[in-house]
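Here is how the chains run, residue by residue.
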There are 2 protein chains.
Amino acid sequence: MAGGGAAASTLSSPWRLLLQRALDANAHLKHSTFFQLATVGGGGRPANRTVVFRGFQEHSDKIQINTDARSNKVIGEIKEWPLGEICWYFTDSWEQFRISGIIDVIDGSSPDPAKLQQREKAWFASSVKSRLQYLGPSPGVPVANDDHVKDVHIDPSAGPVEAYCLLTLDPEKVDYMNLKSNQRLMFTRTQEGDESGDWMAKKVSP
Amino acid sequence: MAGGGAAASTLSSPWRLLLQRALDANAHLKHSTFFQLATVGGGGRPANRTVVFRGFQEHSDKIQINTDARSNKVIGEIKEWPLGEICWYFTDSWEQFRISGIIDVIDGSSPDPAKLQQREKAWFASSVKSRLQYLGPSPGVPVANDDHVKDVHIDPSAGPVEAYCLLTLDPEKVDYMNLKSNQRLMFTRTQEGDESGDWMAKKVSP
């Protein structure tokens, strides 16, 4: 899930090496691939939730996250205001990555065939068990009782269901802090919209 | 630091009991008192960083956080737009608390004597070692070399230095999720600005 293999072969950006090292150093912790994603919702309200890192999109620095398209409010708000900041704290190595960038919402209604292909790829990269959640009750809806649909089945070869939505965050700035060595590095992308991405690194006080 | 004792004696709000249980269940992990705080900065950009829970303010549900007033940009942005959302994930018990509310920035320039007193109290509640960081170089400033001021001394009985700033977040909504039991509860404060706070709880699908 951490996209370790792919990351190692396409380490174009300087912060990717630090992130890969952190992932490796914390790999024994299940939660090492969890991070917090902040976005801005209606009325300028900050929203913050824990999500799972689903690896990088192939040949790019875009960070992949799975989400449920039925949380219409959230998806609508991100489409409306696609800025996000990831805060990823590695509890064992005491490293923090703050990654800010633009979020692309890729649901089944995307008109771009390449994006639909990415969504399909990400769907099949998820475990069958994790795909099942998109067939359960809509997230956030009031529950009358505990009679959840427990006998849901899914065909492992079937493509993404409607509720499945892929988010990709395209990093523009990465603020790296190592609390053990007390070192902080600020990475800024110098060329907008450039897939290969030129990055500038600056050492700043922690 | 977790304010466990104070919390146990003033459990006015229903979500406080769940939070206290999570703190107790995860107390063996140093990082259990760390959470991510999202705010909205200039140009509507979400900002997200790891901070340390410094307990609740006495006789209230306000969550205390220490910060450096010299990160002028951050402090100014929060004063300008005081909405925040905490995302607190407990890695051992698989519980997530999303706590949204209004942030009060209490630096040395506060005209309110009661707030200045809270700031002083929070200062003395911090370890002498953690107070030292407010005498170091300003956070986020580019570093020319590694010759940091290493021989900084502080008088343990001296009050808060100028750089020390207390933030308090006054919760309005708490979204609780237990990923082991798959239970989700939504707490909403029904009376605005009421210190004692009436809360409504609703069970929702996860």
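Read on for an overview of the structure. Note that the structure is a prediction, hence the values are computed from the model and not measured. (Residues numbered from 1 in each chain as written. Chains lettered and ligands numbered in written order. Predicted model: local features only at pLDDT ≥ 70, side-chain atom pairs only at ≥ 80, totals over all residues. Heavy atoms only, no water.)

Regarding unusual backbone geometry
Residues and elements named next belong to chain A.
Next up, step 1: A positive phi angle, close to 55°, is found at Trp94, a residue other than glycine.
Next up, step 2: In this fold, Trp94 is placed in the loop between strand E4 (83-90) and strand E5 (95-106).
Next up, step 3: Residue class for Trp94 comes out partly exposed when judged on its relative accessible area of 30%. (Helix = DSSP H or I, 4+ residues; strand = E, 2+ residues; numbered from the N terminus. Buried < 20%, exposed > 50% of the residue type's maximum accessible area, 1.4 Å probe, protein only.)

A word on the pattern of salt bridges
Next up, step 1: The final tally for this structure, using the stated rule, is 20 salt bridges over all chains.
Next up, step 2: Across the pair B:Glu172 and A:Arg45 runs a salt bridge, and its minimum N-O distance is 3.6 Å. Here B:Glu172 is found in strand E6 (residues 164-178), whereas its partner A:Arg45 is found in the loop between strand E1 (34-40) and strand E2 (46-52) on a different chain.
Next up, step 3: Residue B:Glu172 is classed as buried on the basis of its relative accessible area, which comes to 14%.
Next up, step 4: The exposure class assigned to A:Arg45 is partly exposed, which follows from its relative accessible area of 38%.
Next up, step 5: With its nearest N and O atoms 3.1 Å apart, the salt bridge here joins B:Lys79 to B:Asp107. One end of the pair, B:Lys79, is in helix H3 (residues 72-80); the other, B:Asp107, is in the loop between strand E5 (95-106) and helix H4 (113-125), with 28 residues separating them in the sequence. (Salt bridge = Lys/Arg side-chain N within 4 Å of Asp/Glu carboxyl O.)

Regarding the environment of B:Tyr164
Residues and elements named next belong to chain B.
Next up, step 1: By the secondary structure assignment, Tyr164 is in strand E6.
Next up, step 2: Taking C-alpha positions, Tyr164 is 7.7 Å from Gly108, a pair spaced 56 residues apart along the chain.
Next up, step 3: The residues touching Tyr164, leaving out its near neighbours within four places in the chain, are Asn66, Thr67, Asp107, Arg119, Ala122, Trp123 and Tyr134. (Contact = heavy atoms within 4.5 Å.)

Brief notes about the interface of chain A and chain B
Next up, step 1: With 43 residues of chain A at the contact, the number on the chain B side is 43 residues.
Next up, step 2: Where chain A abuts chain B, roughly 3400 Å² becomes buried across the two surfaces, and 56% of that area is made up of carbon and sulfur atoms.
Next up, step 3: Of all residues in chain A, A:Pro46, A:Asn48 and A:Ser205 bury the most surface against chain B, accounting for 18% of the area lost on that side.
Next up, step 4: Taken together, the connections running from chain A to chain B amount to two salt bridges.
Next up, step 5: For the side of chain A that touches chain B, the secondary structure elements donating two or more residues are E1, E2, E4, E5 and strand E8 (199-204) of chain A.
Next up, step 6: Grouping the amino acids of the side of chain A that touches chain B by side-chain chemistry returns 19 nonpolar, 14 polar and 10 charged. (Buried area = accessible area lost by both parts, 1.4 Å probe. Nonpolar A, V, L, I, M, F, W, Y, C, P; charged D, E, K, R; others polar.)

Some remarks on the pairing of strand E3 (residues 63-68) of chain A
Residue and element names in this part refer to chain A.
Next up, step 1: The buried fraction of E3 amounts to six of the six residues, a majority that puts the element mostly inside the structure.
Next up, step 2: Here E3 shows no split at all, with Ile63, Ile65 and Thr67 on one side and Gln64, Asn66 and Asp68 on the other all buried.
Next up, step 3: Sheet analysis places E3 next to strand E6 (residues 164-178), joined by six bridges and oriented antiparallel. When the bridges of E6 are listed, Ile63 appears paired with Leu169. (Pairing = 2+ DSSP bridges.)

Observations concerning the relation of the copies chain A and chain B
Next up, step 1: Superposing chain A onto chain B takes a rotation of 180° combined with a translation of 0.0 Å along the rotation axis, leaving an RMSD of 0.0 Å. Each copy turns onto its partner about a two-fold axis. Of every C-alpha in chain A, the one belonging to A:Ala38 sits nearest the axis of rotation, 3.0 Å from it.
Next up, step 2: Most of the interface of chain A is mirrored in chain B, where 100% of its interface residues again form contacts. (Least-squares fit on C-alpha atoms with pLDDT ≥ 70 in both.)

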